[in-house]
Amino acid sequence: MKENTKGRAHLRSYNQDCLRGFLGGVLLSLLVSVLMPRLSEEPAKLHNRIVEYTKRNGENRNGYLLGDYFPREEFKGSNLWETEKTKYREVLFETSRLRIERHEVEINTKRINDWLFVEIPNQINVLVEHKGKFLVFNQTKYGLKGHSLAPVGGYIEPGETSFDAARREVNEELKMSVGSLHYLGEYRVDVNRGCGIVSLFLATNCKKLTRGGLESDDLEAHDLKRLSTKEIAMAYGRFAFREVKWTATVGLSLSAIQTNKTVYDSMSSDFKEKLGAQWQANFK
C-alpha cells in the first residue's frame, strides 16, 4: 500500500515537471517570437520606435532622439485649429516652423483618438508683373527632383497680415515695390492633415527699388526668369510649376487678368500696349 502511494506521488511529481517544462518551452517560444524581430532591427530604427513626443505642463519635450537635432523652440505660426468635431488636442512635437498634434475627433458619432494634424506657419505666394513681363524663379527645392518654375513665396511672420507678407516678400526676393496687390483667396494646404493656410496674390505694375530693399533668407539657388504672357501661359499648360500652390497662383492670376477689369486696369502700360485691344474685348 505504501509502495503504491509512493509510486503515485512520484508519477504526480514527474507529470508536474513535464507540465512545467512544456509551459516553460511555450513561454520561451513566445518571448523569442516577440523579441527577436525587435532585437534584429537596426539600433537607429529601434531607437526611433520608442521615442515619445509629449508636451506636459507647457514644456516642450521633443523626445530624446529629435531633441538631439532640433532646438526646443516655440512654434512661430498663429495657427490653432479646432472645430466642433475636435474633442481634444495636444502638441506632440514642435519647432519654430513645424508643430505636430494629436487630435481626438468625432465624425458622424465615431470617435477617432489618433488623428495626426500638422501645422506649419501660414504662407503667401505672389505672381509679380513688371513692365509687361511676369517674374518667376527657375529653382530647385529639397522635396522636388529637378527644377521647377515658382512665383515669389514665403511664410507670414508673427504680427503680419497676408498682405504685409506679400509686399515684404516681393521686396526681399525681387527688390521691388508693389503697384497694386490683388487678393486671390486663401486655401488650406491639406484638408485632412492641415499643413497651414496659403494666401495667393497677383502683384501688378511693380517697380524696381532705386535703393535699399530687404535681404532674402532663401537658402536654395534660383534664377530669375521674365516671361511674356504667352510664355507663362505655355509654362502653366505644360505643368512647369510643380508645386500645387505655385500652379494655383499662376492659374488664378491669369484668370483674374482676363476676367476682372479692375485687375486688368492695374497692369503696367507695357502690358496693355502689347495685349490691350485683344484683352480689352473681354470686358465689352
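The notes below deal with the structure included here. Computed from a predicted model, the values in this text were never measured in an experiment.

### A word on the packing of aromatic side chains
Okay, step 1: Evaluation of the coordinates by the stated rule reveals five aromatic pairs.
Okay, step 2: Three or more aromatic residues joined by ring pairs make a cluster, and in this case those are Phe134, Tyr264 and Phe271.
Okay, step 3: Positioned above the aromatic ring of tryptophan 81 is the side chain of arginine 188, whose terminal nitrogen or guanidinium carbon lies 4.9 Å from the ring centre.
Okay, step 4: Across the ring face of tryptophan 115, the terminal group of arginine 193 is positioned such that the distance to the ring centre comes to 4.9 Å.

### Observations regarding the nonpolar core
Nonpolar side chains tend toward joint burial in soluble globular proteins.
Okay, step 1: Among the nonpolar cores identified, the biggest contains 24 residues, and Ile232, Phe241 and Ile257 are the most heavily contacted of them.
Okay, step 2: Only strand E7 (133-140), strand E8 (147-150), strand E12 (194-204), helix H4 (229-237), helix H5 (244-259), helix H6 (261-265) and helix H7 (269-280) provide two or more residues apiece to this core.
Okay, step 3: With sequence-adjacent residues up to four places away left out, phenylalanine 241 is seen in contact with Val136, Ser148, Leu149, Ala150, Pro151, Ile232, Ala235, Tyr236, Trp246, Thr247 and Val250.

### Quick look at the environment of phenylalanine 117
Okay, step 1: Summarising the element assignment, phenylalanine 117 is placed in strand E5 (residues 110-119).
Okay, step 2: Take phenylalanine 117: its relative accessible area is 4%, and that puts it in the buried class.
Okay, step 3: Spatially, the C-alpha atom of phenylalanine 117 lies 9.8 Å from that of aspartate 190, the residues being 73 residues apart in sequence.
Okay, step 4: When residues no more than four places from it in sequence are discounted, the contact partners of phenylalanine 117 are Trp81, Arg99, Ile100, Glu101, His103, Arg188, Asn192, Arg193 and Gly194.

Conventions adopted
Residues numbered from 1 in each chain as written. Predicted model: local features only at pLDDT ≥ 70, side-chain atom pairs only at ≥ 80, totals over all residues. Heavy atoms only, no water. Phe/Tyr/Trp six-rings, centres within 6.5 Å; stacked < 30°, edge-to-face > 60°. Lys NZ or Arg CZ within 6 Å of the ring centre and 35° of its normal. Core = buried A, V, L, I, M, F, W, Y, C linked by side-chain atoms within 4.5 Å. Buried < 20%, exposed > 50% of the residue type's maximum accessible area, 1.4 Å probe, protein only. Helix = DSSP H or I, 4+ residues; strand = E, 2+ residues; numbered from the N terminus. Contact = heavy atoms within 4.5 Å.

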